[in-house]
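Structure assessment
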Amino acid sequence: MPKSKRDKKISLTKTNKKGKLLKQQIVEDIRNCATKYKRIFFISVQNMRNNIMKDLRNELKDSRFFFGKNKIIALALGRTPEVEITKGINVLSNELIGQCGLLFTNLKTKEVLQWMEQHEEQEFARSGFIPEVSLSLTPSPMPLFPHSMEPYLRQLGMPTELQRGVIMLTKDFKLCKEGQPLTPEQAKILKLLGKRLATFKLIPIGVYSAKHGYKRFPPSNNKKENGSEEMEVINDIVTT
């Protein structure tokens, strides 16, 4: 059989390597922003959601967000006084640990902090999220779901059965427990029930300016808003 002309082997070594060029571009962008903007906010994001961050970027079009590898950002700013791009910014560079990012802006500090407080959004929790409240369901009909979903609910671990075309929860069922990370199945069930446990939130850690240097914000004292009962029963979600 003659060999097909379309049957060609392409070595992966011939692909273009853009990793180094991309890193150099990020470093250049950060350095340009450091000289262009008056303030740099060091922030972390609680329960990151890309769709929300996209909206926030569009809202602050005159500012720039940077989330990426801390080593690249620190390299761009400079970790020591000898290589820092502006005076005192090396202190900020050495703070870059864990999941965090930078906001370059010309807005005043008070305006930015107020803006961050106004942009908290409730979101569905993902697998691994640690809830601050315990939720459960008691045996009851579940007309919220069509009968065709009954096998899927059983697959997720819910004790359900079909009675006269209506899904019935036959036993008490724990949706989640305070302090215990959610499993993938629990996260899916909570989303089906419309229960949002996570909160998307921008948390300011510190701010840098060429005039005042880098200053950390005092830690916020967020109190738990759990009810007095350890277990909250939420059957109203599935019966209405």
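In what follows, the accompanying structure is described. What you see is a predicted model, and the numbers here were worked out from it, not measured in a lab. (Residues numbered from 1 in each chain as written. Predicted model: local features only at pLDDT ≥ 70, side-chain atom pairs only at ≥ 80, totals over all residues. Heavy atoms only, no water.)

Of the regular secondary structure elements, the protein chain holds 8 helices and 12 strands. The 240 residues of the protein chain split such that 39% are buried. Long-range pairs, those at least 24 residues apart, make up 76% of the contacts in the protein chain with a sequence separation of at least 6. A total accessible area of about 16100 Å² is found for the protein chain, and carbon and sulfur atoms account for 51% of it. (Helix = DSSP H or I, 4+ residues; strand = E, 2+ residues; numbered from the N terminus. Buried < 20%, exposed > 50% of the residue type's maximum accessible area, 1.4 Å probe, protein only. Contact = heavy atoms within 4.5 Å. Areas by Shrake-Rupley, 256 points an atom, 1.4 Å probe, with all protein chains shown as cover.)

The next thing to look at is unusual backbone geometry. The phi dihedral of N47 falls on the positive side, at around 55°, and the residue is not glycine. Positioned with a positive phi, R164 is a non-glycine residue whose angle comes to about 55°. Counting through the fold element by element, R164 comes out in the loop between β7 (160-163) and β8 (166-169). A relative accessible area of 89% places R164 in the exposed class.

A few words on the sheet that holds β8. Reading across the sheet, the 3 strands line up as β6-β8-β7 and stay open at both edges, with antiparallel pairing between neighbours. Edge positions in the sheet fall to β6 (140-141) and β7, since each of these pairs with one other strand and no more. Judged from the 2 bridges that link them, β6 and β8 form a sheet pairing that is antiparallel. When the sheet's bridge partners are listed, P141 is paired in β8 with M168. (Pairing = 2+ DSSP bridges.)

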